[in-house]
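Results of the structural survey
Take a look at the letters that make up each chain.
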Amino acid sequence: MAIIEVKHFNKSFDGHAVHKDVSFRVEKGECLGLVGGSGIGKSVVLRSLIGLEKPTSGEIWIEGEEISKLKERDLTAIRKKVAYVFQNGALFDSMSVYDNLAYPLREHTAFNEDEIQTRIHDQLEEFGLLEAEGKLPAELSGGMQKRVGLARAMMIGPKVILYDEPTAGLDPYNTLKIRETVLRLKKKGVTSVFVTHDMPTAIAVCDRFVMLGEGRVLDERRADELSRKDPGPLERFITGDYGGY
Ligand SMILES: Nc1ncnc2c1ncn2[C@@H]1O[C@H](COP(=O)(O)OP(=O)(O)OP(=O)(O)O)[C@@H](O)[C@H]1O
Ligand SMILES: [Mg+2]
């Protein structure tokens, strides 16, 4: 069974259709690369997968449950399963790194403060962030902020993780760190959707690609089936040889 299934997804803003019948699936443990030109609607799809955005029509299934009509209260359970790594990290500016990481545990679990502290230390160690514990987000580099965002998204052990341009604006070292983290989480069995314009990283982490264009799925291919000899829209997009959409 697919963990995520998007069926005939349509989304319009002010009468302007951004998505016109988008359908795709993500299988358990798979990392799906969702690519396409800027403004094509990748972030809107990700936001819809955790109910932050409602489809104009169509369905979104997460682990066999149709979520697009769920009320805010019922979406809480979905957001425990599905974590969203926002492009800018979306950290709470006035909270230390420690409190940022504690937030999902205090919000969604019954752990006491001792248990929370243990888990945060383990997580900081795993993400190479021990020295950042007491700092505010503004005192960290962009790359560290992204790692904190990722560490926070993973605090309650989600089954699915949605990455929205996790390497945008990062130097090669921090890009590599994010790449390693994504691969490490994938090894643990986490299913993911990876939105990016960073094609080397996408190729390193994704098992399959879905390309959006003209409001629909323009192309779709397994990563090991990408062809240099016979390039389709997806290969041309990845190599930049597509003339823009
Ligand atoms: N809340 C909103 N209200 C109105 N229009 C919106 C809203 N959110 C997104 N859009 C529009 O939907 C389209 C798709 O936006 P989206 O942010 O999903 O693009 P994207 O593929 O993520 O682009 P990028 O690669 O630049 O991040 C854009 O035209 C955008 O202006
Ligand atoms: Mg976007």
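Given the structure is predicted, the values throughout are model-derived calculations rather than measurements. (Residues numbered from 1 in each chain as written. Chains lettered and ligands numbered in written order. Predicted model: local features only at pLDDT ≥ 70, side-chain atom pairs only at ≥ 80, totals over all residues. Heavy atoms only, no water.)

With that settled, the discussion passes to the sheet that holds strand β6 (residues 82–85). Overall, mixed pairing links the six strands, which are arranged β6-β7-β8-β3-β9-β10 in an open sheet. In this open sheet, the two edge strands, each paired with only one partner strand, are β6 and β10 (216–222). When strand polarity is set aside, the average angle formed by the axes of neighbouring strands in this sheet is 15°. Here four bridges tie strand β3 (residues 31–35) to strand β8 (residues 191–195), and the two strands are oriented parallel to one another. Following the sheet pairing, L34 is matched in β8 by V195. Sheet contacts for helix α1 (residues 42–49): β3, β6, β7 (160–164), β8 and β9 (208–213); angle to β7, the most-contacted strand, approximately 155°. Across the sheet, helix α5 (residues 142–153) touches β6 and β7, and the angle it forms with β6 is around 170°. (Pairing = 2+ DSSP bridges. Helix = DSSP H or I, 4+ residues; strand = E, 2+ residues; numbered from the N terminus. Axes fitted to C-alpha atoms, helices over the stretch in contact; angles between N-to-C directions. Contact = heavy atoms within 4.5 Å.)

This part covers the site of ligand 1. As a structural note, the neighbourhood of ligand 1 is formed by 13 residues, with S38, G39, K42, S43 and H197 the closest of them. Measuring from an oxygen atom of ligand 1, one finds a backbone N or O atom of V44 at 2.9 Å. Measuring from an oxygen atom of ligand 1, one finds a side-chain N or O atom of H197 at 2.8 Å. When the free accessible area of ligand 1 is taken as 640 Å², the share hidden by the protein chains comes to 62%. The greatest single-element share of the shell around ligand 1, amounting to four residues, is contributed by α1. The residue makeup of the shell around ligand 1, split by class, is four nonpolar, six polar and three charged. (Near = heavy atom within 4 Å. Polar contact = N/O pair within 3.5 Å; in protein donor to acceptor, adjacent residues only side chain to side chain. Areas by Shrake-Rupley, 256 points an atom, 1.4 Å probe, with all protein chains shown as cover. Nonpolar A, V, L, I, M, F, W, Y, C, P; charged D, E, K, R; others polar.)

Turning next to the pattern of salt bridges. Within this structure, the stated rule accounts for 21 salt bridges. We note a salt bridge from E53 to R47, for which the minimum N-O separation is 2.9 Å. The salt bridge partner of D207 is K186, with a shortest N-O separation of 3.0 Å. In this pair, D207 sits in the loop between α7 (199–205) and β9 while K186 sits in helix α6 (residues 172–187), placing the two residues 21 residues apart along the sequence. The class for D207 is partly exposed, based on a relative accessible area of 29%. (Salt bridge = Lys/Arg side-chain N within 4 Å of Asp/Glu carboxyl O. Buried < 20%, exposed > 50% of the residue type's maximum accessible area, 1.4 Å probe, protein only.)

Where two aromatic rings form a pair, the distance of their centres and the angle of their planes describe that pair. Counted by the stated rule, this structure contains three aromatic pairs. Seen from their ring centres, Y84 and F86 are 4.2 Å apart, and the 0° between their planes marks the pair as stacked. Note on F86: relative accessible area 31%, which makes it partly exposed. Seen from their ring centres, Y163 and F194 are 5.3 Å apart, and the 55° between their planes marks the pair as tilted. Taken together, the residues Y163 in strand β7 and F194 in strand β8 connect sequence positions 31 residues apart. (Phe/Tyr/Trp six-rings, centres within 6.5 Å; stacked < 30°, edge-to-face > 60°.)

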